[in-house]
Every structure is written in C-alpha cells, then in structure tokens.
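Inside the fold
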Amino acid sequence: MAGVNPYIRNPDAPRPERPFKVMFIDEATGERKTYLMDPATFPYGHIGRDGSLLAIAEEAGVEINHSCGGVCACSTCHVYVTKGLETCSKATDDEEDMLDEAPALTPDSRLSCQCVPDGSTDIEVVIPKWNRNQVQEGHH
C-alpha cells in the first residue's frame, strides 16, 4: 500500500477510463521511454497518489528520486510535465508548498507523486538532470 502523510488530505483524482501513453524523457541523457498506462490492469496503491506519475514511472521501470516515499513531504520527485499538464490533477496547496523547495521551477513543474493524469491525452514528462544525478549517486 502507498505511504500516506497523515497531515495532508488529497482530493480524489478521477481514474482514467482508457489507456494512454506516458513518455518519460531523461534530461541528462536524452533517453526516452514510453509506457502504456492501462487503468484496467495498473497496480494501484503502491506509491504516491493512485495513478500518479511517480507510480506510473515505477511501473515503467523509470527511476525518479523520491526521498519521502511519495507522500508529499519533500520535493525530490519534481518533474516537468511538458505535454498534457492540463489533463492532470490540480496541484494542492501542500504540493505547491513542497514545490517551493524544489530547484529550477517552471510553469510545468509538478511533484510526480502528486500529479495524476486523467487519461484524456498522452503525457510527456521530463526528469530534470539534477533529479537523475541524485538517483545515480545513490547507487554507488
């Protein structure tokens, strides 16, 4: 089951009704990986909000740093949603507070553990260089 921050109440995000694609782009290497998110078979409840970009990345085998375990208690899972952001759950005040701590904010910035796409369009997610470097350093 996904971790829960007892001090944060997340509004329920509607689950997608049809499969959609999420492309993860590693800003450091330029590597791209596309994952077909099928809500009928997706294993909900493992990490972050149900159906979050972090949960999708984990299922796709794409590493995104997440020091707090996906409970919106840090900003390490900060990503850029460069396509399809308008179809994602709205950022909560708690997420925006955590994003204030993240480096290199842009209008496309989201915490991947909190950002839940509704499936109405395909999504593109850029994993910032600094995020990938932190993940790689943790493996030595």
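Residues numbered from 1 in each chain as written. Predicted model: local features only at pLDDT ≥ 70, side-chain atom pairs only at ≥ 80, totals over all residues. Heavy atoms only, no water.

1. Things to note about the overall build of the protein chain
The line we're drawing: Put simply, DSSP H or I for four residues or longer makes a helix, DSSP E for two residues or longer makes a strand, and each gets a number counted from the N terminus. Here the term buried applies to any residue with accessible area under 20% of the maximum for its type, exposed to any over 50%, and partly exposed to those in between, with areas from a 1.4 Å probe on protein chains only. Throughout, a residue-residue contact means that at least one pair of heavy atoms, one from each residue, lies within 4.5 Å. The Shrake-Rupley method, run with a 1.4 Å probe sphere, supplies the accessible areas, and residue values consider only the shown protein chains as cover.
When helices and strands are counted, the protein chain shows three helices and five strands. Secondary structure of the protein chain in N-to-C order comes out as β-β-α-β-α-β-β-α. Per-residue burial over the protein chain gives 47% buried out of 140 residues. Of all intrachain contacts in the protein chain linking residues separated by at least 6 positions in sequence, the fraction that spans at least 24 positions is 70%. As displayed, the protein chain offers around 7,300 Å² of accessible surface, 48% of which is attributable to carbon and sulfur atoms.

2. Some remarks on the environment of I64
Looking at the secondary structure, you find I64 in the loop between α1 (53–60) and β3 (78–83). I64 sits 38 residues away from D26 along the chain, and the two C-alpha atoms are 9.8 Å apart.

3. As for the pattern of salt bridges
Filter applied, for reference: Salt bridges, as used here, are contacts in which a Lys or Arg side-chain nitrogen is within 4 Å of a carboxyl oxygen on Asp or Glu.
Tallying each qualifying case throughout the model produces two salt bridges. A salt bridge links D50 to R15; the nearest nitrogen and oxygen atoms lie 3.2 Å apart. Here the residue D50 occupies a position in the loop between β2 (32–37) and α1, and R15 occupies one in the segment before β1 (20–26), the gap between them amounting to 35 residues. On the basis of relative accessible area, D50 is assigned to the partly exposed category, the value being 37%. A salt bridge links R110 to E95; the nearest nitrogen and oxygen atoms lie 2.8 Å apart. Highlighted residues: R110 in strand β4 (residues 109–111) and E95 in helix α2 (residues 93–99), separated in sequence by 15 residues.

4. Let's talk about the pairing of β3
Formally: Strand pairing follows a simple DSSP-based rule, namely that at least 2 bridges must link the two strands.
By the bridge criterion, three bridges tie β3 to β4 in an arrangement that is antiparallel. Bridging across to β4, V79 finds its partner in R110. Pairing geometry for β3 and strand β5 (residues 123–127), over three bridges, is antiparallel. Following the sheet pairing, K83 is matched in β5 by E124.

5. Comments concerning the environment of M23
Inspection of the secondary structure assignment puts M23 in strand β1. For the pair formed by M23 and A60, sequence separation is 37 residues and the distance between their alpha carbons is 9.9 Å. When neighbours within four sequence positions are excluded, M23 is seen to be in contact with R32, K33, T34, I123, E124 and V125.

6. Thoughts on the packing of aromatic side chains
So the rule is basically this: For this analysis, a ring pair means two rings from Phe, Tyr or Trp (six-membered ring only for Trp) whose centres lie within 6.5 Å, classed as stacked if their planes differ by under 30 degrees, edge-to-face if by over 60, and tilted for the remaining angles. Remark: a charge is flagged as sitting over a ring if the NZ atom of Lys or the CZ atom of Arg is within 6 Å of the ring centre and within 35 degrees of the ring normal.
With the rule as written, the count across this model stands at one aromatic pair. Ring centres of F42 and Y44 lie 5.3 Å apart, and the angle between their planes is 75°; on these two criteria the pair is classed as edge-to-face. Taking the relative accessible area as the measure of exposure, F42 reaches 7% and is therefore buried. A relative accessible area of 17% means that Y44 is categorised as buried. The ring of Y44 is capped by R15, whose NZ or CZ atom sits 3.6 Å from the centre of that ring.

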